[in-house]
Amino acid sequence: MTRAGQTGPAGTDVAGGTVGTDVPDAAGPHVTEGVSVSVPDGVAPGQAAGLDPQVWSSGVTRGPDGALRVAGADVRDIAREHGTPAYVLDEADFRRRARTYREAFTRAFATIGTGVDVYYAGKAFLSVAVARWAHEEGLRVDTATGGELAVALRAGVPGADIGLHGNNKSDAEIARALDAGVGRLIVDSLAEVDRVADAAARTGRRAPVMVRVTTGIHAGGHEYISTAHEDQKFGLSVAGGQALEALHAVLARPELELLGLHSHIGSQILDAAGFEEAARTLLRLRADLHEGTGYLLGEVDLGGGYGVAYLPGETPVDPVEVAGRLAATVGAVCTELGTPVPRISIEPGRAIVGPTTFTLYTVGTVKPVTVEGDDGAFTRTYVSVDGGMSDNLRPALYGAQYTATVASRAAATDTARSRVVGKHCESGDIVVHDVRLAADVRPGDLLAVPVTGAYGRSMASNYNHVPRPPVLAVTDGVVRVLVRRETEDDLLALDLG
Ligand SMILES: Cc1ncc(COP(=O)(O)O)c(C=O)c1O
Ligand SMILES: N[C@@H](CCCC[NH3+])C(=O)O
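Note that the coordinates shown come from a computational prediction; the quantities given were computed from them, not determined experimentally.

Conventions and cut-offs
Residues numbered from 1 in each chain as written. Chains lettered and ligands numbered in written order. Predicted model: local features only at pLDDT ≥ 70, side-chain atom pairs only at ≥ 80, totals over all residues. Heavy atoms only, no water. Buried < 20%, exposed > 50% of the residue type's maximum accessible area, 1.4 Å probe, protein only. Helix = DSSP H or I, 4+ residues; strand = E, 2+ residues; numbered from the N terminus. Arc of directions from axis to C-beta. Pairing = 2+ DSSP bridges. UniProt positions renumbered as here; feature names shortened; annotations may be inferred. Polar contact = N/O pair within 3.5 Å; in protein donor to acceptor, adjacent residues only side chain to side chain. Contact = heavy atoms within 4.5 Å. Near = heavy atom within 4 Å. Areas by Shrake-Rupley, 256 points an atom, 1.4 Å probe, with all protein chains shown as cover. Nonpolar A, V, L, I, M, F, W, Y, C, P; charged D, E, K, R; others polar. Core = buried A, V, L, I, M, F, W, Y, C linked by side-chain atoms within 4.5 Å. Axes fitted to C-alpha atoms, helices over the stretch in contact; angles between N-to-C directions. Parallel < 35°, antiparallel > 145°, perpendicular 65-115°, else oblique. Left-handed = near helix turned anticlockwise from the far one by under 90°.

Attention now goes to helix H5 (residues 146-154). Here H5 has its buried residues at Gly146, Glu148, Leu149 and Ala152. Summarising the axial view, the buried residues of H5 lie within an arc of 160°, below the 170-degree limit, and thus occupy one face. One or two steps after H5, the chain reaches Gly156, where phi turns positive at roughly 90°.

What follows is the structure in structure tokens.
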């Protein structure tokens, strides 16, 4: 379905992500800027102007002259002072999302008489300030490497409130986690059971562990971010028996304290059914272990993966709804199995930080290109920005779709079909595949691309020796550098000649 005044077929929904399609360029003038080709019916014109509240953080508005503002700061001032490209993060929005997830899950699971711990998945984006905010909002921190663990510890998050994941943890990472007194190590293979137990023996302290299981569920926005089907590297198979074997192996090692089971089925999941199915599998495995050994696992972690909207008109996961469905499922399955309800934990990353941030770029080269579409030739405006796949790998890696808007002046009504591209030496260096931008977009304009807070800076690279952009937090009109911009000197310092 397409919105009135907009042409072409809607994007095709592929495994939870909307993929833009080649559409004819017949929309002509008076189509509001920033609208992806995939906007469905019912989107209000103001929202379609690029400020759909699902896509922009709650602090983003347009000022009196139409320029974008975030939490009271004008993007032109931000660009003047800090340069572009830059990731611009709305702190209040981050805190609000963290609270929303904690409250939604806590309330829902209280109805079945159990508590919930929400771990912020630092892989989405981690800095000292962000780890501190998450903890201040009552979340714990999930880390996946020694580096993430170091950031959480530097933030002052107590070890007991940190979890450590990883399918290939090094001995140093295991030792560091044990030294820090982490609340849980999530064991990912049979071999790791003994490695963690041996490391714990050396420290003289019992190691609290969970066993990550593979439930066989295939979910997620892209093959590369699905993590619970059988043919991938994470976890221990329930169907194949390795999960139960690992649980027995943990119980056999007195240096280990078995906390519970862990499952993470994938990322950018928009439908709760996969989470419910995984919960059923985990609870049955827990009951099997109980029956076989008399050992009742106290905790079950249902992982992260809650999907967000990337394009105007898309619907993100509603935390209240998904929490309600999961609590109902967990309650019903435990009743059915005759087992007490376990404590629950979850690990959202993208849903907390993704929509809090937009990337601010400066437009450089603008080039009209004649393209042969299915319905004849049309002009596509290639809008080059001063970043690209080095600051947002997701379009190149997953075919991920984004929207964009000119940020330094009012949204245009006279728009042209555009593609936002980066400055790297690859034709696949695309930031926004297909979007209507101001027909007069020109060098020097600022362009904002929303929902880049998750897996943007955290997957950024130095491709073509491009320094990585800073992360700027805006709070009540004040801009603070959370992570500074890299410089050429930083890059050259690594090159020993
Ligand atoms: C084990 C684990 N937990 C949590 C997450 C966070 O996922 P998301 O950012 O999709 O919520 C991931 C990443 O997919 C993960 O691998
Ligand atoms: N990096 C992925 C998500 C992977 C999550 C980590 N298990 C993305 O950008 O969508």
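Here we take up the sheet that holds strand E5 (residues 73-74). Read from one edge to the other, the open sheet built from 3 strands follows the order E3-E4-E5, with strand pairing classed as antiparallel. Lying at the two open borders of the sheet, with one neighbouring strand each, are strand E3 (60-62) and E5. Bridge analysis of E3 against strand E4 (residues 68-70) gives 3 bridges, and the strand direction is antiparallel. Bridged to Thr61 within E4 is Arg69.

Before going further, it helps to spend a moment on the UniProt feature "binding site: pyridoxal 5'-phosphate" (unreviewed entry) in the protein chain. Sequence positions flagged by UniProt for "binding site: pyridoxal 5'-phosphate" (unreviewed entry) are, in local numbering, Gly305, Glu347, Pro348, Gly349, Arg350 and Tyr455. Tracing the sequence through the fold places Arg350 in helix H11 (residues 350-353). Taking relative accessible area as the criterion, Arg350 reaches 3% and is therefore assigned buried. At a separation of 2.7 Å, a polar atom in the side chain of Arg350 contacts the side chain of Ser267. Note on Tyr455: relative accessible area 16%, which makes it buried. Other than its neighbours up to four places away in sequence, Tyr455 contacts Lys123, Ala124, Ser267, Arg350 and Arg394.

Another aspect to go through is the site of ligand 1. The environment of ligand 1 is made up of 14 residues, and the closest members are His264, Ser267, Glu347, Arg350 and Tyr455. Between an oxygen atom of ligand 1 and a main-chain N or O atom of Gly305, the distance comes to 2.8 Å. The contact in question runs from a nitrogen atom of ligand 1 to an N or O atom on the side chain of Glu347, over 2.6 Å. Considering ligand 1 on its own, with 390 Å² of exposed area, one finds that the protein chains cover 93% of that surface. Here the residues of the shell around ligand 1 sort into 3 nonpolar, 6 polar and 5 charged.

Take the nonpolar core next. One finds Phe105, Tyr120, Tyr306 and Leu360 to be the most contacted residues of the largest nonpolar core, which totals 128 residues. When near neighbours in sequence (up to four residues on either side) are disregarded, Leu360 contacts Val75, Ile78, Ala79, Thr84, Pro85, Ala86, Val88, Ala407, Leu446, Leu447 and Ala448.

Helix-helix packing is characterised by the crossing angle of the two axes and by the distance between the axes. Their axes nearest at 8 Å, the elements helix H3 (residues 91-110) and helix H10 (residues 319-337) cross at an angle of 30°. In terms of orientation, H3 lies roughly parallel with respect to H10. The interaxial crossing formed by H3 with H10 has right-handed handedness. Contact residues: H3 offers Thr100, Tyr101, Ala104, Phe105, Ala108 and Phe109, while H10 offers Pro319, Val320, Val322, Ala323, Gly324, Leu326, Ala327 and Val330.

Take the pairing of strand E22 (residues 471-475) next. Among the 5 residues of E22, 4 are classified as buried, and the element is accordingly described as predominantly covered. Note: strand E6 (residues 86-90) against E22, 4 bridges, orientation parallel. Paired with Asp90 across the two strands is Val474, which belongs to E22. Of the pairings in the sheet, the one linking E22 to strand E23 (residues 478-483) comprises 5 bridges and is antiparallel in character. Looking at E23, one finds that Leu472 is bridged to Val481.

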